[in-house]
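Chain residues, written in single-letter form:
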Amino acid sequence: GDSVTQMEGPVTLSEEAFLTINCTYTATGYPSLFWYVQYPGEGLQLLLKATKADDKGSNKGFEATYRKETTSFHLEKGSVQVSDSAVYFCAIAGGTSYGKLTFGQGTILTVHP
Amino acid sequence: EAGVVQSPRYKIIEKKQPVAFWCNPISGHNTLYWYLQNLGQGPELLIRYENEEAVDDSQLPKDRFSAERLKGVDSTLKIQPAELGDSAVYLCASSLAIPLFEGTQDTGELFFGEGSRLTVL
């Protein structure tokens, strides 16, 4: 079945530092790729998505590019803020995950002033 | 627009007791999901409904878990009897699945509720 692997965390950064959270996937076919974010005390919410190879999803200064050749969808942000502290989940849909999201284990990000 | 509403937010019970969680999806969303999230893990699908039909319940432990979505709107997830290992957060999500062409559809964005945190003592 489909699976998603995220870099082991947690990640701790200072404000304005560069962020990368790695995500790789295993899937058949052509899945869609997502990053969801969970802020403290809130529900999961979609951060960005990409539906085909070489697509770049972006939102709130975050970016991720669908790399089919490396089966990756790494999340990046050039300058993080304290308000970005949250848990980030990479997910896929489609392939054998048709009709549902399959999530990675999540990466905790803490940004200090 | 109201989001996905779940209740209760927190529930503490003793093992072998029953428990039920309720979910009201976003109005008009035809697809409803129940996910299980263990501490430090990503959510895992328990069951997916398209309207009132359960189309994927392969990961639902049917000996103790049951779910229903009467009238294709709100849904209830029940555990009876609860075990210590059931302590987790139960997430409900909904989406508007978009038909692409015959026999397939785009899942659409999933909107999640805040979850129901269960503690079994």
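Each remark here, short or long, concerns the structure printed above.
Now for a look at the structure at hand. (Residues numbered from 1 in each chain as written. Chains lettered and ligands numbered in written order. Predicted model: local features only at pLDDT ≥ 70, side-chain atom pairs only at ≥ 80, totals over all residues. Heavy atoms only, no water.)

1. So, the interface of chain A and chain B
What counts here: Residue contacts are defined here by distance: any two heavy atoms, one from each residue, within 4.5 Å place the two residues in contact. A pairing counts as a salt bridge when a side-chain nitrogen of Lys or Arg comes within 4 Å of a carboxyl oxygen of Asp or Glu. Under the rule applied, a polar contact is a pair of N or O atoms within 3.5 Å (in protein, one hydrogen donor and one hydrogen acceptor; residues adjacent in sequence only if both atoms are side-chain atoms). Helix and strand assignments follow DSSP, with helices taken as H or I runs no shorter than four residues and strands as E runs no shorter than two, numbered in order from the N terminus. Classification used: nonpolar for Ala, Val, Leu, Ile, Met, Phe, Trp, Tyr, Cys and Pro, charged for Asp, Glu, Lys and Arg, polar for all others including Gly.
Facing the 15 residues of chain A at the interface are 21 residues of chain B. There are zero salt bridges connecting chain A and chain B. Where chain A packs against chain B, one counts two residue pairs in polar contact (both at pLDDT 80 or more). With five residues, strand β11 (residues 97-103) of chain A is the largest single contributor of residues to the side of chain A that touches chain B. Along the lines of polarity and charge, the residues of the side of chain A that touches chain B split into eight nonpolar, six polar and one charged.

2. Considering the sheet that holds strand β8 (residues 75-79) of chain B
Residue and element names in this part refer to chain B. Here is the rule we go by: We treat two strands as partners when DSSP finds at least two bridges between them. Every axis corresponds to a line fitted to the C-alpha atoms, with the helix fit spanning only the stretch in contact, and the corresponding angles, defined between N-to-C directions, vary from 0 to 180 degrees.
The strand order β1-β3-β8-β7 describes an open sheet built from four strands, whose pairing is antiparallel. The open sheet has two free edges, formed respectively by β1 (5-7) and β7 (65-68), since each of these has just one partner strand. On average, adjacent strands in this sheet sit at an angle of 15° to one another, irrespective of strand direction. Relative to β8, strand β3 (residues 19-24) is paired through five bridges, and the arrangement is antiparallel. In the sheet register, Trp22 faces β8, and the bridge partner there is Thr76.

3. Some words on the state of the cysteines
Just so we agree on the cut-off: Note on terminology: pairs of cysteine sulfur atoms within 2.5 Å are recorded as disulfides. The buried label applies to any residue whose accessible area, calculated with a 1.4 Å probe on protein chains only, is under 20% of its type's maximum; exposed applies above 50%, and partly exposed to all values in between.
Considering all chains together, one arrives at two disulfides over all chains under this definition. Disulfide pairing is shown between Cys23 of chain A and Cys90 of chain A; the S-S distance is 2.0 Å. Note on the Cys23 of chain A and Cys90 of chain A pair: the S-S dihedral is about -70°, so by sign convention the disulfide is left-handed. Of the two residues, Cys23 of chain A sits in strand β4 (residues 23-26) while Cys90 of chain A sits in strand β10 (residues 86-94), which places them 67 residues apart along the sequence. A single burial state applies to Cys23 of chain A and to Cys90 of chain A, both of which are buried. There is a disulfide in this structure between Cys23 of chain B and Cys92 of chain B, and the S-S distance comes to 1.9 Å. In this structure, the disulfide formed by Cys23 of chain B and Cys92 of chain B twists by about -70° around the S-S bond and is classed as left-handed. Of this pair, Cys23 of chain B sits in strand β3 while Cys92 of chain B sits in strand β9 (residues 88-95), and the two are 69 residues apart along the sequence. What makes Cys23 of chain B buried here is its relative accessible area of 0%.

4. Digging into the sheet that holds strand β8 (residues 62-65) of chain A
Residue and element names in this part refer to chain A. Here four strands make up an open sheet; going across it, the order is β3-β9-β8-β7 and the pairing antiparallel. At either margin of the open sheet sits one strand with a lone partner, and together these are β3 (19-21) and β7 (56-59). Between one strand axis and the next, the sheet turns by 15° as a mean value, whatever way the strands run. As judged from the three bridges shared by β3 and strand β9 (residues 75-77), these two strands associate in the antiparallel manner. If you follow Leu19 over to β9, its bridge partner there is Lys77.

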